[in-house]
Amino acid sequence: AQSVTQLGSHVSVSEGALVLLRCNYSSSVPPYLFWYVQYPNQGLQLLLKYTSAATLVKGINGFEAEFKKSETSFHLTKPSAHMSDAAEYFCAVSGPNFGNEKLTFGTGTRLTIIP
Amino acid sequence: SQTIHQWPATLVQPVGSPLSLECTVEGTSNPNLYWYRQAAGRGLQLLFYSVGIGQISSEVPQNLSASRPQDRQFILSSKKLLLSDSGFYLCAWSVFGLRNTIYFGEGSWLTVV
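Residues numbered from 1 in each chain as written. Chains lettered and ligands numbered in written order. Predicted model: local features only at pLDDT ≥ 70, side-chain atom pairs only at ≥ 80, totals over all residues. Heavy atoms only, no water.

Caption draft 1: Representation of the packing of aromatic side chains. Scanning the model with the defined rule gives 14 aromatic pairs over all chains in all. Summarising the aromatic geometry, the rings of A:Phe105 and B:Tyr36 are spaced 5.5 Å apart at their centres and angled 85° between planes, so their arrangement reads as edge-to-face. One end of the pair, A:Phe105, is in strand β10 (residues 104-105); the other, B:Tyr36, is in strand β4 (residues 32-38), on a second chain. For A:Phe105, a relative accessible area of 10% gives the class buried. Using a relative accessible area of 1% as the deciding quantity, one classes B:Tyr36 as buried. Taken together, a centroid distance of 5.9 Å and an interplanar angle of 70° make the contact between A:Phe105 and B:Phe104 edge-to-face. Of this pair, A:Phe105 sits in strand β10 while B:Phe104 sits in strand β10 (residues 103-104), which puts the two residues in different chains. For the pair shown, A:Phe105 and B:Phe104 are each scored as buried. Taken together, the ring pairs in this structure connect A:Phe34, A:Tyr36, A:Phe105, B:Tyr34, B:Tyr36 and B:Phe104 into an aromatic cluster. (Phe/Tyr/Trp six-rings, centres within 6.5 Å; stacked < 30°, edge-to-face > 60°. Helix = DSSP H or I, 4+ residues; strand = E, 2+ residues; numbered from the N terminus. Buried < 20%, exposed > 50% of the residue type's maximum accessible area, 1.4 Å probe, protein only.)

Caption draft 2: Structural context of the side chain of A:Ser73. Residue and element names in this part refer to chain A. In this structure, Ser 73 sits in strand β8 (residues 73-78). Residue classification places Ser 73 among the buried positions, given a relative accessible area of 1%. Each residue touching Ser 73, except ones within four places of it in the same chain, is listed here: Cys 23, Asn 24, Tyr 25, Glu 66, Phe 67 and Lys 68. (Contact = heavy atoms within 4.5 Å.)

Caption draft 3: View of the pairing of strand β1 (residues 3-7) of chain B. All names here are of chain B. Here β1 shows a clear split, with Ile 4 and Gln 6 buried on one side and none of Thr 3, His 5 and Trp 7 buried on the other. Note: β1 against strand β3 (residues 19-26), 5 bridges, orientation antiparallel. The residue of β3 that forms the bridge with Gln 6 is Cys 23. (Pairing = 2+ DSSP bridges.)

Structure representation (structure tokens):
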């Protein structure tokens with residue numbers, strides 16, 4: 001069984017400051033890990049994913065995440081926050097079971113950007 | 001490229017009325033299809049997934065049902081809606097070989113009154 005825990009349901013940062021959204025996972029098999037972003041009243045958009053290649057993954061909109069097996073973490077970062085980054089962010093995990101992929105999502109972190 | 005369409009975008013239905021949400025995927029064959037629900041203040045809950053026509057797996061017991069009459073069509077239904085069925089419903093798809101990546105539609109807001 002797999003699960004993810006997102007620490008902090010709400011995070012506020014000032015415009016131009018570092019964004020750090022935390023995600024810890026639990027998995028009995030080597031995990032695939034994902035970050036999705038959801039803007040108000042919209043579906044989820046894939047930001048980035050880790051699938052056992054490079055541990056530092058770069059995504060869209062300047063975001064990146066680092067897979068740390070020793071810490072069972074996959075935190076999402078962005079060096080400088082922009083007002084357009086205000087959204088809800090979901091971390092998700094799955095196992096490498098080809099043919100019947102299912103993701104388990106965290107409960108989400110709402111990111112607010114302070115002007 | 002692949003696209004996913006979901007409709008209606010917004011729906012207000014009285015308690016006890018039926019429900020039908022539809023989803024179609026274009027640009028791919030034999031996708032895995034999913035229905036998720038996102039209730040206010042909560043994360044995403046997987047309701048149903050399908051690996052092929054007529055093959056539906058239910059993750060959570062409820063008064064909702066799903067059907068897959070065609071390869072790229074997925075329908076979420078209810079015979080009698082409950083107040084607790086209100087929420088944001090998301091259809092999604094994935095394909096073998098994309099390393100478990102799931103792509104989502106724009107969602108449907110359902111308010112049961």
